[in-house]
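Survey of secondary and tertiary structure
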Amino acid sequence: MISGIFHTTYEKDMALRRTHAQKIRIVIVIVFLLVFPFLANRYALTLANQVGIAVIGAIGLNILVGYTGQISLGQGGFMAVGAYTAGILTARFGMPWWASTIVACFTTALIGTIFGIPSLRLKGLYLAIATLAAQVIILWVVTHWSALTGGVDALVVPDPKLFGIKINTDFNFYWVTWGLVGIVTIAAVNLFRTHFGRAFIAIRDQDIAASVMGVDLFKYKLLAFAVSSFLVGLAGALTAHYRNIVTWERFTVDVSVLYLAMIIIGGLGSVTGSYLGATFMTLLPVLLTNLGRAVKTSFPLIDSILPFVQQAMFGLVIILFLIFEPEGLNKIWKNIKDYFRLWPFSY
Amino acid sequence: MQRGFISGLNSSHIKPGETQLRIESLQLNFGGVTALIDVDLEVRQSEILAIIGPNGAGKTSLLNCISGLYHPQRGRIVYVNDREHEVTRMRPHQIARLGIARSFQNIELFRHMTVLDNLLAGAHIHMNSSLLSSLIYWGPAQREHIQHRRYVEDIIDLLEIEAIRHNTVGSLSYGLQKRAEIGRALAMRPSLLLLDEPMAGMNAEEKEDIARFILDVNEEHGVTIVLIEHDMGVVMDVSDRIAVLNFGQKIAEGTPDEVRANRHVIEAYLGEDTSVFPFKFNKSNNNGS
Ligand SMILES: Nc1ncnc2c1ncn2[C@@H]1O[C@H](COP(=O)(O)OP(=O)(O)O)[C@@H](O)[C@H]1O
Ligand SMILES: [Mg+2]
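Summary of the structure given here. Quantities reported herein were computed from a predicted structural model and do not represent experimental measurements. (Residues numbered from 1 in each chain as written. Chains lettered and ligands numbered in written order. Predicted model: local features only at pLDDT ≥ 70, side-chain atom pairs only at ≥ 80, totals over all residues. Heavy atoms only, no water.)

Only B:Thr60 (OG1) and B:Gln105 (OE1) from the protein coordinate the magnesium ion (ligand 2), and they sit 2.0 to 2.1 Å from it. Placement of B:Thr60 in helix α1 (residues 59–66) and of B:Gln105 in the loop between β6 (100–102) and α3 (115–122) is noted, with a sequence separation of 45 residues between them. (Donors = N, O, S within 2.8 Å, 3.2 Å for Na, K, Ca; no water. Helix = DSSP H or I, 4+ residues; strand = E, 2+ residues; numbered from the N terminus.)

All right, on to the site of ligand 1 then. All names here are of chain B. Around ligand 1 sit Phe30, Val33, Ala35, Pro54, Asn55, Gly56, Ala57, Gly58, Lys59, Thr60, Ser61 and Tyr70, and that is every residue in its neighbourhood. Within the side chain of Thr60, a nitrogen or oxygen atom sits 2.7 Å from an oxygen atom of ligand 1. At 2.6 Å, a side-chain N or O of Ser61 approaches an oxygen atom of ligand 1. Counting only elements with at least two residues in the shell around ligand 1, the list comes to β2 (33–44) and α1. Per element, the largest residue contribution to the shell around ligand 1 is 3 residues, and it comes from α1. (Near = heavy atom within 4 Å. Polar contact = N/O pair within 3.5 Å; in protein donor to acceptor, adjacent residues only side chain to side chain.)

We now examine helix α11 (residues 217–243) of chain A. Residue and element names in this part refer to chain A. For α11, built from 27 residues, the straight-helix expectation of 39 Å at 1.5 Å per residue is met to within 8% by its first-to-last C-alpha distance of 39 Å. In terms of burial, α11 is a largely internal element, 22 of the 27 residues being buried. N-cap assignment for α11: the residue whose side-chain oxygen lies 3.2 Å from the backbone N of Phe218 is Asp216. Trailing α11 by a residue or two, Asn244 shows a phi angle of about 60 degrees, which is positive. (Expected span 1.5 Å × (residues − 1). Buried < 20%, exposed > 50% of the residue type's maximum accessible area, 1.4 Å probe, protein only.)

Residue and element names in this part refer to chain B. As judged from the 5 bridges shared by strand β9 (residues 241–246) and strand β10 (residues 249–254), these two strands associate in the antiparallel manner. Bridge pairing in β10 links Ala243 to Glu253. Taken together, β9 and the strand that follows it, β10, pair antiparallel across an intervening segment of 2 residues, in which Phe247 is found at a positive phi of about 45 degrees. (Pairing = 2+ DSSP bridges.)

All names here are of chain B. The phi dihedral of Ser25 is positive, around 30 degrees, even though this residue is not glycine. Residue position: Ser25 is located in strand β1 (residues 19–30). For Ser25, a relative accessible area of 30% translates into the label partly exposed. Phi is positive for Glu197, which is not a glycine, with a value near 50 degrees. Turning to its location among the elements, Glu197 is positioned in the loop between β7 (192–196) and α7 (204–221).

Residue and element names in this part refer to chain A. Together, Ile26, Val27, Ile30, Val31, Leu34, Val35, Phe38, Leu39 and Trp175 make up a nonpolar patch on the protein surface, roughly 850 Å² of accessible area in all. Ranked by the residues each element gives to the nonpolar patch, the list is headed by helix α2 (residues 20–39), at 8 residues. Residue placement: Trp175 occurs in helix α8 (residues 170–191). (Patch = residues over 30% accessible without salt bridge, like charges linked within 9 Å, V, L, I, M, F, W, Y side chains within 5 Å. Areas by Shrake-Rupley, 256 points an atom, 1.4 Å probe, with all protein chains shown as cover. Salt bridge = Lys/Arg side-chain N within 4 Å of Asp/Glu carboxyl O.)

Once that is clear, we can look at the sheet that holds β2(B). Strand-to-strand pairing in sheets goes through backbone hydrogen bonds, with the strands running parallel or antiparallel. Residues and elements named next belong to chain B. Strands sit in the order β2-β1-β4-β5 across an open sheet of 4 strands; the sheet is antiparallel. Each edge of the open sheet is held by one strand with a lone partner, namely β2 and β5 (84–86). This sheet shows a mean twist of 20 degrees between the axes of neighbouring strands, independent of strand direction. In this structure, strand β4 (residues 74–80) lies alongside β5, joined through 3 bridges in antiparallel fashion. For Tyr79, the partnering residue across the bridge sits in β5 and is His85. Running at roughly 115 degrees to β1, α1 makes contact with β1, β2 and β4 of the sheet. (Axes fitted to C-alpha atoms, helices over the stretch in contact; angles between N-to-C directions. Contact = heavy atoms within 4.5 Å.)

Residue and element names in this part refer to chain B. Across the sheet, which stays open at both edges, the 6 strands sit in the order β6-β7-β8-β3-β9-β10 with mixed pairing between neighbours. The open sheet has two free edges, formed respectively by β6 and β10, since each of these has just one partner strand. For this sheet the average axis-to-axis angle between neighbouring strands, irrespective of direction, equals 20 degrees. Where strand β3 (residues 48–52) lies against β9, 4 bridges are found, and the strand directions are parallel. Looking across to β9, one finds that Leu49 is bridged to Arg241. α7 rests against β3, β7 and β8 (224–228) of the sheet, and its axis sits at about 155 degrees to β8.

Our focus in this paragraph is the pairing of β1(B). Residue and element names in this part refer to chain B. Pairing geometry for β1 and β2, over 8 bridges, is antiparallel. Across the sheet, residue Arg22 finds its bridge partner in β2, namely Glu42. Linkage of β1 to β2, two consecutive antiparallel strands, is achieved through a turn of 2 residues, within which Gly31 is found at a positive phi near 55 degrees. Here β1 runs beside β4; their pairing, made up of 5 bridges, is antiparallel. Of the residues in β4, the one forming a bridge with Glu24 is Arg76.

Here the focus is the interface of chain A and chain B. Each partner contributes residues to the interface: chain A has 39 residues there, and chain B has 42 residues. Counting the surface lost from both chain A and chain B, the interface buries some 3,500 Å², and carbon and sulfur atoms represent 65% of this. Where chain A meets chain B, there are 2 salt bridges. In this structure, the salt-bridge partner of A:Asp216 is B:Arg91, at a minimum N-O distance of 3.1 Å. Between chain A and chain B we count 11 residue pairs in polar contact (both at pLDDT 80 or more) in total. Mapped by element, the contributors of at least two residues to the side of chain A that touches chain B are α1 (10–16), α8, α9 (195–205), α10 (207–212) and α11 of chain A. Considering only residue class, the side of chain A that touches chain B consists of 23 nonpolar, 8 polar and 8 charged. (Buried area = accessible area lost by both parts, 1.4 Å probe. Nonpolar A, V, L, I, M, F, W, Y, C, P; charged D, E, K, R; others polar.)

Okay, structure coming up:
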């Protein structure tokens, strides 16, 4: 039988799906990330750490919402579980930061799975409300279980140490954050090359057909909650060790909405989109603040309304995005790539 | 009828002609509507059984009971592979794991996946690598992927969809989507394949292609096929046996010739009009071609 296979082996065909240009882009990004900390000032490194943590959290949320189609408003709560577990274990029990981080990931995965149980019955907005309940319950526990969490007071976490070196500068922490971003990225990309990831997407696209194809909806929906929460817990734990302080205000429902905005703006069901959205949503407020400062010097009068203007701008940008590119930054990125693909001699 | 044999496309181990699926006095109601009344039916290994009947007769409901999407109020469904399994109360994914695959009347593909990924998703029950090895994608997970990829490519060849394997299914024409859906069901390596109107809305040429694929899968791989189809020409040519449903009741069952001659069928469904048998598509001439 003659078949239209263009590559001699499937291994090659699979590998070649990653095009030449894609490989070059990946190499450029890696080189940039390796060189960046040596060129950047402290402020840029702070931002880079924030972006890195947000990327991990966004990939986590995207696995659940973008890939599996289970809307979650519990992100803030799950990050709180990660941050408090890591913070408490290190601050109160003297556990090394990396060990408390691992425990935090598994704890959050477990809590996330428990709060994912309603997804077996609920979909869409109803599930969103159920996960909002998770958010509210978790924060209530955090603020009321003072003996363990410190309640509404801040929990102070000592500086992390690795091989005797204190990781107390942005430069040092950068390697932790972005090393983990790298691992998480590879794991997420791999996940969606295998039957686990395909089952998640199948559930999102057509759950009845998925079940008839042999996908156990109960198992895989809960697994999506577990994998997602594991990563969200990691983002939470990193927040605790990076900031040396854990407070409940960092994990309110605003955070849940912010992360949803990240993946919607970045691109649902896309790892690249998670990167773009997390970067954009972390840097936009910074940009607006700096812009505000610049404007303030020439127009001192607007000083008092500046915060409101910034908030409004933030909202406006998001709305404009949703109107003009509902498929997110990732779609714009794809369009750019397609544009260059059509260029003569570009490959 | 001695066609069936065990091959890559077929996971069944029972002999051709033996009972593979037994439906006993099945009754299904939706509130006041009775979709199936006391239906008895047997499906035999390696046959093509057509289910015909007017719209609303209960054909799709019957398939939905078999694949576990509907749970009948009365009666039972027994499936035989290595032993007898009562599937009446099982969940859909458990039934799938026994080797029953299907396509849907209204295409239910995973729209945002490529054709290839849809087919790989169809092979889900055969993939066993652990979550950890999947995340690392090294060793077992990668080997498993390559092995299934090779297998799925055979189905792609069989269905002649090589050119579109990397296309997102949402962007394909209706006919190609129907084809991809059959491919996804085949990727499960089913013992029993349920096809709900796989040729609906197609032109004569497309129908002929699909009929050829169905015969290929059945004759070369011995896969048992239950086919719901409205085109009488195709049904008469392709099937070994035909069951006729009308208002939720089975009113006839037999070979194409028997059903064609059946008075109830003629009255209830076919009418006096003999032009409903236009096709001259002879099954025995299609062997191995
Ligand atoms: N999910 C459902 N809820 C209510 N009624 C249904 C449902 N599915 C099928 N029915 C009813 O059952 C009867 C048989 O439908 P169906 O099995 O789809 O027929 P066919 O496939 O033969 O056209 C119809 O009267 C239909 O309205
Ligand atoms: Mg129907």
